[in-house]
Amino acid sequence: MTESADTAFLASLGWSDFFASQIEPHETDLIPRRIAEVHRARLSGISAAGPVRLGLAHKINTADFAVGDWVLADPRTHLLIRRLDRRTVLQRRTEGRHVQQLAAANVDTLFIVTSCNADFSPARLERYLALANQAGTNPVIVLTKADTIDDASAFEQEARGLQRGLEVVALNGRSADAAGALTPWCGTGQTVALVGSSGVGKSTLVNTLAGLSHEAAQQTGEIRESDAKGRHTTTSRSLHAIAGGGWVIDTPGMRTLHVSDASDGIDTLFSEITDLAPLCRFRDCTHDHEPGCAVQAAVTAGTLDADRLARWRKLLDENVSNTPVQTGPRGNKISQKKKY
Ligand SMILES: Nc1nc2c(ncn2[C@@H]2O[C@H](COP(=O)(O)OP(=O)(O)O)[C@@H](O)[C@H]2O)c(=O)[nH]1
Ligand SMILES: [Mg+2]
Ligand SMILES: [Zn+2]
């Protein structure tokens, strides 16, 4: 393969200057690979020729890698040399665990999927938004099953109010038009992931997106091998090609959500509240009972919904109680810190 074809292929996989600039002078002979599958004892990466199983040194723990990671490998032996820093990382802490579990890396857009029915819950959507913000990904709310109701606009409007500038799309995931509605986030080299409760239509959307380009779908390798013990590992996630050159990652473990390690993500989500804090009389105002509180004044004036304020407080409390004070170094989580 020529160098320019190789460069174009890498770009179609999401390679960018962010990753290229991490290559050290002594590493120019190595080749970049994007992790497509993570199993307990095996990692596979994508190459222009199809999927490749990466060689692992003894000290390597596959749990330290996420689908979507970029790594450098030896071009002859396929031995994995090192992982490149992540642009974004979706991870969660399972109750009682010390380390966070990785779900996906280098995801540009997180589709937060809910349906136009009783599944729609502002509090649940806010949890996913906090996670997306914390991961550094752009959240988009996808309202499925719009075909089952007369008018989805009330759901759309409520969803839009959950975060400043939030993008919201209502669609029928079973129709081919759904892929069209999602194209702004699914262009060449773009990576998306989906989260949401069971039954909202995530798999349907993945199929609609992936089904459009059969050739591209085969490039992901459709690896269906079993592990050494002859059974599929349930923790694996995978990268599927979608029409238009993008990629979609399944995140089966992110159906329910327990928020931790997300204080910056929560600040971004509730920026209309955090923006008011500097206007309160007391610097350490809890916006609960203090005189001269700008947040309480906004509730009284009707510009801030009291339920929204209550959900903010609840999510902050939950985040504090689930976040260990000492977090071990893990990955290189980049949070989009905003200063208010
Ligand atoms: N009418 C309608 N049904 C849908 C839509 N999206 C998904 N479904 C149906 O909802 C059910 C659950 O979908 P599935 O993709 O398995 O949900 P998942 O658990 O989130 O992966 C299936 O019967 C789908 O056919 C939609 O937009 N409209
Ligand atoms: Mg599913
Ligand atoms: Zn206050």
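Described in the following lines is the structure provided in the data block. (Residues numbered from 1 in each chain as written. Chains lettered and ligands numbered in written order. Predicted model: local features only at pLDDT ≥ 70, side-chain atom pairs only at ≥ 80, totals over all residues. Heavy atoms only, no water.)

Some details on the sheet that holds strand β9 (residues 138-144)
(1) Moving on: Taking strand neighbours across the sheet as the criterion, the six strands line up as β10-β9-β8-β11-β13-β12 in an open arrangement whose pairing is mixed. Edge strands, defined here as strands with exactly one partner in the open sheet, are β10 (167-170) and β12 (239-241). Neighbouring strand axes in the sheet, compared pairwise and without regard to direction, differ in orientation by 30° on average.
(2) Moving on: Here β9 runs beside β10; their pairing, made up of four bridges, is parallel. Opposite Ile-141, over in β10, you have Val-168 as the bridge partner.
(3) Moving on: On the sheet, helix α3 (residues 122-135) packs against β8 (109-115), β9 and β11 (191-195) and is oriented at approximately 175° with respect to β8.
(4) Moving on: Along the sheet face, helix α6 (residues 202-211) touches β8, β9, β11, β12 and β13 (247-250) and points at about 155° away from the line of β11. (Pairing = 2+ DSSP bridges. Helix = DSSP H or I, 4+ residues; strand = E, 2+ residues; numbered from the N terminus. Axes fitted to C-alpha atoms, helices over the stretch in contact; angles between N-to-C directions. Contact = heavy atoms within 4.5 Å.)

Topic: the coordination of the zinc ion (ligand 3)
Note on metal geometry: ideal angles are 109.5 degrees for four donors arranged tetrahedrally and 90 or 180 degrees for six donors arranged octahedrally.
(1) Moving on: Surrounding the zinc ion (ligand 3) are the protein donor atoms Cys-280 (SG), Cys-285 (SG), His-287 (ND1) and Cys-293 (SG), at 2.1 to 2.4 Å.
(2) Moving on: In terms of primary sequence, the donors binding the zinc ion (ligand 3) are separated according to C-x4-C-x1-H-x5-C. Taken together, the positions of Cys-280 in the loop between α9 (271-274) and α10 (294-301) and Cys-293 in the loop between α9 and α10 put the pair 13 residues apart, joining distant regions of the chain. (Donors = N, O, S within 2.8 Å, 3.2 Å for Na, K, Ca; no water.)

Describing the pairing of strand β5 (residues 80-83)
(1) Moving on: Here strand β4 (residues 70-73) runs beside β5; their pairing, made up of three bridges, is antiparallel. Residue Leu-72 lies in a different strand from β5, and its bridge partner there is Arg-82.
(2) Moving on: Between β4 and β5, which follow one another and run antiparallel, lie six residues, and His-78 among them has a positive phi close to 65°.

With respect to the site of ligand 1
(1) Moving on: If you check the shell around ligand 1, you find 16 residues, and the closest are Asp-147, Gly-173, Gly-199, Lys-202 and Thr-204.
(2) Moving on: Here an oxygen atom of ligand 1 sits 3.3 Å away from a polar atom, N or O, in the side chain of Asn-172.
(3) Moving on: The backbone of Gly-173 places a nitrogen or oxygen atom 2.7 Å from an oxygen atom of ligand 1.
(4) Moving on: When ligand 1 is considered free in solution it has 580 Å² of accessible area, and contact with the protein chains removes 74% of it.
(5) Moving on: The leading source of residues in the shell around ligand 1 is α6, at three residues.
(6) Moving on: In the shell around ligand 1, the residues fall into two nonpolar, ten polar and four charged. (Near = heavy atom within 4 Å. Polar contact = N/O pair within 3.5 Å; in protein donor to acceptor, adjacent residues only side chain to side chain. Areas by Shrake-Rupley, 256 points an atom, 1.4 Å probe, with all protein chains shown as cover. Nonpolar A, V, L, I, M, F, W, Y, C, P; charged D, E, K, R; others polar.)

As for helix α11 (residues 306-322)
(1) Moving on: When the terminal C-alpha atoms of α11 are compared, their 24 Å separation across 17 residues agrees well with the 24 Å that a helix rising 1.5 Å per residue should span.
(2) Moving on: Here α11 has its buried residues at Arg-308, Leu-309, Trp-312, Leu-315, Glu-318, Asn-319 and Asn-322.
(3) Moving on: Against the buried residues of α11 lie α3, α8 (263-269), α9 and α10.
(4) Moving on: You can read the cap of α11 off the contacts: a side-chain oxygen lies 3.2 Å from the backbone nitrogen of Asp-307, and it is on Asp-305. (Expected span 1.5 Å × (residues − 1). Buried < 20%, exposed > 50% of the residue type's maximum accessible area, 1.4 Å probe, protein only.)

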